[in-house]
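# Coordinates in review
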Amino acid sequence: MSRAAKRFSRRYAELMARGSDYAIYLTLASLLNLVRLLPYATRVGVFGWIVKWLIAPLTDMRRRVFANLDYVFPNTTYKEKTRIYRECVDNFGRLIIEILSEDQFSERYPRFEHEGPGLKAIEQARMEGRAVLVVSGHFGNFDTGRISLILRGYSVGAVYRRFNNRYFNSFYEKSVRKVGEPIFVKGIGGTSGLVRFIRQGGIAALLCDQHASGGADLEFMGKPAKTVLSAAHLALRYNALLVPFYGVRKANGLDFRCVFEAPIEHGDPSEMTQQLNDSLEGQVRANPGQWFWIHNRWKI
């Protein structure tokens, strides 16, 4: 094949992929915009139902969730795994529409419960001008920590990973930024901005529960799990408070317990990060349907 033919072939493949991405974006955006016409409480439940019964069965979600559950909970019954799967994808759908309903979601803030020693520790750190890292996982609604602190008057930065679909990413990112900035996109530029923000004593919200090929060999849910040590390294380098946080969805499906756990003491980065893993594991074992089993955490 000639060079010109190869260039044409690559260009054609790019255009086809872009067209496919745009078609997917139009479908999702139209569906989300339609659901957003509903009253807030109704739309959250409806989109959770849509993901659980319509979207998840048509994607790889069910297979991934069951593979992870079989790996972590091999002795659990099929009935119980099915329950966890349904709660997981329902929670995922609710999270998406909550983030895309930023104004109404923030209006429910007075209904949220706040607990744990980490909140007072954050307040003390802010009075001292000390940086804070609020670390969570893909559990419940992790953005409740950022929103809770913003509504308390703090400036909170968040690390954000772009969606592969560029069109949906722009749609989604507008809502994330509307709640509050700065937002740091994962990558070289975003990392540099995050470091500057922390160096200046800012509060940053991070997630640390996805597989990291170059991460440390730690444990999560009793299994080996490659885990990034970046939160611990940042805390040590800039003397930042390291606080585990969880937005635990309440039984009504709409409100949350915002749990700010005791700060992790500074020490060895691997040991600090293992404590973060153990903290998240405790929340997952207490509420297994609220963690994102849809992720390939263990690369199984």
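Residues numbered from 1 in each chain as written. Predicted model: local features only at pLDDT ≥ 70, side-chain atom pairs only at ≥ 80, totals over all residues. Heavy atoms only, no water.

## A look at the overall build of the chain
- Looking only at helices and strands, the chain features 11 helices and nine strands.
- Over its C-alpha atoms the chain spans a radius of gyration of 20 Å, differing by no more than 12% from the 19 Å that the globule rule assigns to 300 residues.
- Projected onto the principal axes, the alpha-carbon positions of the chain cover approximately 60 × 50 × 40 Å.
- Within the chain, contacts between residues separated by at least 24 positions form 75% of all contacts whose residues are at least 6 apart in sequence. (Helix = DSSP H or I, 4+ residues; strand = E, 2+ residues; numbered from the N terminus. Rg over C-alpha atoms; globule rule 2.2 N^0.38 Å. Contact = heavy atoms within 4.5 Å.)

## Topic: the side chain of D255
- Tracing the sequence through the fold places D255 in the loop between strand 8 (241–249) and strand 9 (256–260).
- Reaching out from D255, the side chain makes a polar contact with the side chain of R108 at a distance of 2.8 Å.
- Polar side-chain contacts of D255 include one of 2.8 Å to the side chain of N252.
- Aside from chain neighbours lying at most four places away, what touches D255 is R108, R111, F112, V248, R249 and K250. (Polar contact = N/O pair within 3.5 Å; in protein donor to acceptor, adjacent residues only side chain to side chain.)

## Observations regarding the packing of aromatic side chains
- Overall, the coordinates contain 19 aromatic pairs when judged by the stated rule.
- Ring centres 5.7 Å apart and planes at 50° place the aromatic pair F184 and F197 in the tilted group. Here F197 lies in helix 9 (residues 188–199) and F184 lies in strand 4 (residues 183–185), a separation of 13 residues in the sequence. In this pair, the class of F184 matches that of F197, namely buried.
- Between the aromatic rings of W291 and W298, the centroid separation amounts to 5.9 Å while the plane-to-plane angle is 65°, which identifies the pairing as edge-to-face. Each member of the pair W291 and W298 is classed as buried. (Phe/Tyr/Trp six-rings, centres within 6.5 Å; stacked < 30°, edge-to-face > 60°. Buried < 20%, exposed > 50% of the residue type's maximum accessible area, 1.4 Å probe, protein only.)

## Focus on the sheet that holds strand 5 (residues 203–207)
- An order of 1-9-8-2-5-3-4 is seen for the seven strands of this open sheet, with the pairing classed as mixed. The open sheet has two edge strands, strand 1 (113–115) and strand 4, and neither has a second partner. Put simply, the sheet's adjacent strands are angled 25° from each other on average, direction ignored.
- Both strand 2 (residues 132–136) and strand 5 contribute to a ladder of five bridges, which runs parallel. Bridge pairing links V134 to A205 in strand 5.
- Contacts from helix 6 (residues 118–127) reach strand 1, strand 2, strand 5, strand 8 and strand 9 within the one sheet, and its direction differs from that of strand 8 by about 135°.
- Lying over the sheet, helix 10 (residues 230–237) contacts strand 2, strand 5 and strand 8, oriented at roughly 165° with respect to strand 2. (Pairing = 2+ DSSP bridges. Axes fitted to C-alpha atoms, helices over the stretch in contact; angles between N-to-C directions.)

## Some thoughts on a nonpolar patch on the surface
- Residues W49, W53 and L54 make up a contiguous nonpolar surface patch of roughly 330 Å² in combined accessible area.
- Relative to the helices and strands, W53 is located in helix 2 (residues 40–55).
- Judged by relative accessible area, which is 40%, W53 ranks as partly exposed. (Patch = residues over 30% accessible without salt bridge, like charges linked within 9 Å, V, L, I, M, F, W, Y side chains within 5 Å. Areas by Shrake-Rupley, 256 points an atom, 1.4 Å probe, with all protein chains shown as cover. Salt bridge = Lys/Arg side-chain N within 4 Å of Asp/Glu carboxyl O.)

## Points about helix 3 (residues 61–72)
- With 12 residues, helix 3 ought to run about 16 Å at 1.5 Å a step, and its terminal C-alpha atoms sit 17 Å apart, in line with that.
- When we look at burial in helix 3, the residues that qualify are M61, R64, V65, F66, N68, L69 and V72.
- Check the buried side of helix 3 and you find it contacts helix 2, helix 4 (78–99) and strand 7 (223–227). (Expected span 1.5 Å × (residues − 1).)

## Section: the pattern of salt bridges
- Evaluation of the coordinates by the stated rule reveals 18 salt bridges.
- A salt bridge links D103 to K178; its shortest N-O distance comes to 3.4 Å. Here D103 is found in helix 5 (residues 102–107), whereas its partner K178 is found in helix 8 (residues 166–179), with 75 residues between them in sequence.
- The class of K178 is exposed, set by a relative accessible area of 51%.
- In this structure, R108 engages D255 in a salt bridge whose closest nitrogen and oxygen atoms are separated by 2.8 Å. Residue R108 is located in the loop between helix 5 and strand 1, and its partner D255 is located in the loop between strand 8 and strand 9; the two are separated by 147 residues in the primary sequence. By the burial criterion, R108 is buried, and D255 matches it.

## Considering unusual backbone geometry
- Cis geometry is found at the peptide bond from E181 to P182, where omega equals 15°.
- Backbone geometry places M221, a non-glycine residue, at a positive phi of 60°.
- On the secondary structure map, M221 appears in the loop between strand 6 (216–220) and strand 7.
- For M221, a relative accessible area of 2% puts it in the buried group.
- The phi torsion at N239 lies on the positive side, around 50°, for a residue other than glycine.
- Its place among the elements puts N239 in the loop between helix 10 and strand 8.
- Residue classification places N239 among the partly exposed residues on the basis of a relative accessible area of 46%.

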